[in-house]
Amino acid sequence: MEVFTTIQHLRSFLDHQIELRKTIGLVPTMGALHEGHITLIEASNAENDITVCSIFVNPTQFNNPEDLLKYPRTLEQDLEILGKTGCSAVFAPSVEEMYPEKTVVKFDFGSLETVMEGASRPGHFNGVGIVVSKLFNIVNPHRAYFGQKDLQQVAVITRMVKDLSFSLQLVICPTVREDDGLAMSSRNRRLDAKERSVAPHINRILQSAKNELLAGESVENVVQTAKNEFDAIKEFTLDYFEIVDLLSLQPIQKVGPAGINAICVAAFLGPVRLIDNVVF
Ligand code: PAF
């Protein structure tokens, strides 16, 4: 496995692979790798000759300086993990390499970003759009892999690929969960023991909301019940609990046909903000 910190070195490696007619899969990450990332790498390995994993804690997508500062950075461990997965190349650039100058281009994802994560974290999806489009241009992959856990990110990137005619296939992989149902996230390692013990309630409340909706309960009642459940667990501060249309991400009043509904949640446990969702 080769590790690159500059665009130029990564490009000359990839140019050579293209000459050899190899296909390239890209797994963009911010490091602090867990099982969820590994499944993305494995999916890429299965479908491409070369897998490039990028590790870059992208400052432009953090609207909260403390969150950026505290974001786990575990490059050495990450490289050890990646070495065992069959990943071909790691791209771990510095901030200066990615942003030699402050970018002036701005992404506006319209109604896709006025809700949920976009509403709670102003500028977040502009930062995601900038860094992901840079990575797409640098790596020029045949396929790029993202996790379903970041449902709104998936919607925004899908739209960006369409609008800007990026010539690649997006592959979306299911959320990977701990045995107790907690969605895997790099932020989980910031939870203290008590917070970690209540964190699985996020998935439990999502699942019971889904079951109530499928049993015919109204969206309004289900949202209220879920909010009450979060309120009853004092460690949680709920940011949002939304039942939305999977494509538009807009709140729905009534559940639609199977597969187009999503329940999305963001909640704080102490300073740590966790997100999760279920599609049904
Ligand atoms: O999902 C993430 O970890 C990040 O948002 C991404 C896609 C790597 C861009 O920084």
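First things first, this report covers the structure right here in the doc. Just so you know, these numbers come straight off a predicted model, no measurement behind them. (Residues numbered from 1 in each chain as written. Predicted model: local features only at pLDDT ≥ 70, side-chain atom pairs only at ≥ 80, totals over all residues. Heavy atoms only, no water.)

To continue, consider the sheet that holds strand 3 (residues 50–55). Sheet architecture is open: six strands sit in the order 1-4-3-2-5-6, paired in parallel fashion. Edge positions in the sheet fall to strand 1 (2–4) and strand 6 (169–173), since each of these pairs with one other strand and no more. Pairwise comparison of adjacent strand axes, ignoring direction, gives a mean angle of 25° for this sheet. Here five bridges tie strand 5 (residues 143–147) to strand 6, and the two strands are oriented parallel to one another. Bridge pairing links Ala144 to Leu170 in strand 6. Together, strand 2 (24–29), strand 3, strand 4 (89–91), strand 5 and strand 6 form the strand contacts of helix 7 (residues 124–139), whose direction differs from that of strand 2 by roughly 150°. (Pairing = 2+ DSSP bridges. Helix = DSSP H or I, 4+ residues; strand = E, 2+ residues; numbered from the N terminus. Axes fitted to C-alpha atoms, helices over the stretch in contact; angles between N-to-C directions. Contact = heavy atoms within 4.5 Å.)

Turning to its location among the elements, Gln152 is positioned in helix 8 (residues 151–163). Within polar-contact distance, the side chain of Gln152 engages the backbone oxygen of Leu112 at 2.8 Å. When neighbours within four sequence positions are excluded, Gln152 is seen to be in contact with Leu112, Glu113, Val115, Met116, Glu117, Gly118, Phe125 and Leu249. (Polar contact = N/O pair within 3.5 Å; in protein donor to acceptor, adjacent residues only side chain to side chain.)

With that out of the way, let us pick up the nonpolar core. Generally speaking, a soluble globular protein has its nonpolar side chains buried in company with each other. In this structure, Leu10, Val52, Phe91, Met98, Val132, Phe136 and Val139 are the most contacted members of the largest nonpolar core, which totals 45 residues. Element by element, the count of residues in this core is highest for helix 7, at nine residues. Every residue in contact with Met98, bar those within four places of it in the chain, is listed here: Phe56, Phe91, Pro93, Val131, Lys134, Leu135 and Ile138. Judged by nonpolar contacts, the second largest core, of 27 residues, contains Leu182, Ile202, Val223 and Ala267. (Core = buried A, V, L, I, M, F, W, Y, C linked by side-chain atoms within 4.5 Å. Buried < 20%, exposed > 50% of the residue type's maximum accessible area, 1.4 Å probe, protein only.)

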